[in-house]
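Notes for the structure review
Residue-level listing of the chains:
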Amino acid sequence: AQSVTQPDIHITVSEGASLELRCNYSYGATPYLFWYVQSPGQGLQLLLKYFSGDTLVQGIKGFEAEFKRSQSSFNLRKPSVHWSDAAEYFCAVVPNTGGFKTIFGAGTRLFVKA
Amino acid sequence: DTAVSQTPKYLVTQMGNDKSIKCEQNLGHDTMYWYKQDSKKFLKIMFSYNNKELIINETVPNRFSPKSPDKAHLNLHINSLELGDSAVYFCASSQGTSVADTQYFGPGTRLTVL
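Residues numbered from 1 in each chain as written. Chains lettered and ligands numbered in written order. Predicted model: local features only at pLDDT ≥ 70, side-chain atom pairs only at ≥ 80, totals over all residues. Heavy atoms only, no water.

1. Points about the overall build of chain B
Scanning chain B from terminus to terminus reveals 0 helices and 11 strands. Its helices and strands taken in sequence order, chain B reads β-β-β-β-β-β-β-β-β-β-β from the N to the C terminus. Here the C-alpha atoms of chain B give a radius of gyration of 13 Å, agreeing with the 13 Å that 2.2 N^0.38 yields for 114 residues. Counting over 114 residues, chain B shows a buried share of 44%. (Helix = DSSP H or I, 4+ residues; strand = E, 2+ residues; numbered from the N terminus. Rg over C-alpha atoms; globule rule 2.2 N^0.38 Å. Buried < 20%, exposed > 50% of the residue type's maximum accessible area, 1.4 Å probe, protein only.)

This is the structure:
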């Protein structure tokens, strides 16, 4: 079945440590790939997106993501986490079928400890 | 200035009541959306309008009726509210229907049905 999966419900990292959030997708053709962040009590904000080309994508707030076709993954990374990064992170896809409907993963909650 | 605004921010009501949530965007976008985020943070699209025309209508009970009086507004009316309607409802907008068009989300409306 077609799906987008975020294996980790929550992750805790220390401030200043590196971060990697996992995302895997299951679609026949590589979908368009996105990462969004939702701060507490706020709406979602787009961090970055991948359509084609360079498989390492830079986004806002110091985030980057790497597309790996062989692993059907699009993991989000940040070299040094700040306390303000504590939020819910959503991986999302738009299937490459001509539509534009966004399908979201279940989210990963990031906790940052001092 | 808030790009995508929603009113009210919180809504507490009894089962069986009818309620509306309003959304306005001042970005000049042509496309607007309603999403529902359940208690497990799962986010799913409900409706989308482009130039006041309905273009996405997911499997949503017909108690939910979106209305777009103009391109800048997309309201959501819910009849005969049920306990399962309790969720956070997000409005979003984008320039158009291209997958490349970034979606901008409102802050959400937390609906609690008692």
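2. Some thoughts on the overall build of chain A
Helix and strand counts for chain A stand at 0 helices and 12 strands. From first element to last, N terminus to C terminus, chain A shows the α and β order β-β-β-β-β-β-β-β-β-β-β-β. For a compact globule of 114 residues, the expected C-alpha radius of gyration is about 13 Å, and chain A comes in at 14 Å, within 12% of that figure. For chain A, the spread of C-alpha atoms along the three principal axes comes to 45 × 30 × 20 Å. A separation threshold of at least 6 residues defines the contact pool for chain A, and within that pool the share at least 24 residues apart is 54%. With an accessible surface of roughly 5400 Å², chain A has 49% of that area assigned to carbon and sulfur atoms. The distance from the centre of the 10 positive side-chain charges to the centre of the 8 negative ones in chain A is 5 Å. (Contact = heavy atoms within 4.5 Å. Areas by Shrake-Rupley, 256 points an atom, 1.4 Å probe, with all protein chains shown as cover. Lys, Arg positive; Asp, Glu negative; His and termini not counted. Charge placed at Lys NZ, Arg CZ, Asp CG, Glu CD.)

3. Examining unusual backbone geometry
Residues and elements named next belong to chain B. Cis geometry is found at the peptide bond from Thr-7 to Pro-8, where omega equals -5°. Take Pro-8: it is sitting in the loop between strand E1 (4–7) and strand E2 (10–13). In this model, Lys-52 sits at a positive phi of 70°, which is unusual for a non-glycine residue. Within the fold, Lys-52 resides in the loop between strand E5 (43–50) and strand E6 (53–57).

4. Quick word on the interface of chain A and chain B
With 19 residues of chain A in contact, the opposing surface of chain B contributes 22 residues. Both faces considered, chain A and chain B share a buried interface measuring about 1700 Å² in area, 62% of it formed by carbon and sulfur atoms. For chain A, the biggest contributors to the area lost against chain B are Phe-100, Lys-101 and Phe-104 of chain A; these three give 36% of the whole. One can count 1 salt bridge joining chain A with chain B. For Lys-101 of chain A, the salt bridge identified is with Glu-58 of chain B, shortest N-O distance 3.1 Å. Between the two partners, chain A and chain B, sit 4 residue pairs in polar contact (both at pLDDT 80 or more). Of all the secondary-structure elements, those providing two or more residues to the side of chain A that touches chain B are strand E5 (32–38), strand E6 (44–50) and strand E10 (87–94) of chain A. Among the elements that make up the side of chain A that touches chain B, the one with the highest residue count is E5 of chain A (4 residues). When the residues that make up the side of chain A that touches chain B are grouped by side-chain class, the tally is 11 nonpolar, 5 polar and 3 charged. (Buried area = accessible area lost by both parts, 1.4 Å probe. Salt bridge = Lys/Arg side-chain N within 4 Å of Asp/Glu carboxyl O. Polar contact = N/O pair within 3.5 Å; in protein donor to acceptor, adjacent residues only side chain to side chain. Nonpolar A, V, L, I, M, F, W, Y, C, P; charged D, E, K, R; others polar.)

5. A look at the sheet that holds strand E8 (residues 73–78) of chain B
Strand pairing in a sheet relies on backbone hydrogen bonds. The paired strands run either parallel or antiparallel. Residue and element names in this part refer to chain B. If you walk across this open sheet you meet the 4 strands as E1-E3-E8-E7, and the pairing is antiparallel. The open sheet has two edge strands with one neighbour each: E1 and strand E7 (64–70). Mean inter-strand twist for the sheet, computed between neighbouring axes without regard to direction, equals 20°. (Pairing = 2+ DSSP bridges. Axes fitted to C-alpha atoms, helices over the stretch in contact; angles between N-to-C directions.)

6. Thoughts on the packing of aromatic side chains
Under the defined criterion, the tally for this structure stands at 16 aromatic pairs over all chains. Ring geometry for Phe-104 of chain A versus Tyr-35 of chain B: centroids 5.6 Å apart, planes at 85°, classification edge-to-face. Of this pair, Phe-104 of chain A sits in strand E11 (residues 103–104) while Tyr-35 of chain B sits in strand E4 (residues 31–37), each in a different chain. Residue classification places Phe-104 of chain A among the buried positions, given a relative accessible area of 3%. (Phe/Tyr/Trp six-rings, centres within 6.5 Å; stacked < 30°, edge-to-face > 60°.)

7. What about the pairing of strand E9 (residues 73–78) of chain A?
All names here are of chain A. Judged by how many residues are buried, E9 sits mostly within the fold: 5 of 6 residues are covered. Inspection of the sheet shows strand E3 (residues 19–21) paired to E9 by 3 bridges, in the antiparallel sense. The residue of E9 that forms the bridge with Leu-19 is Lys-78. Relative to E9, strand E8 (residues 64–68) is paired through 5 bridges, and the arrangement is antiparallel. What sits directly across from Glu-66, in E9, is Asn-75. The turn joining E8 and E9, which pair antiparallel and follow one another in sequence, is formed by 4 residues; a positive phi near 50° is taken by Ser-72.

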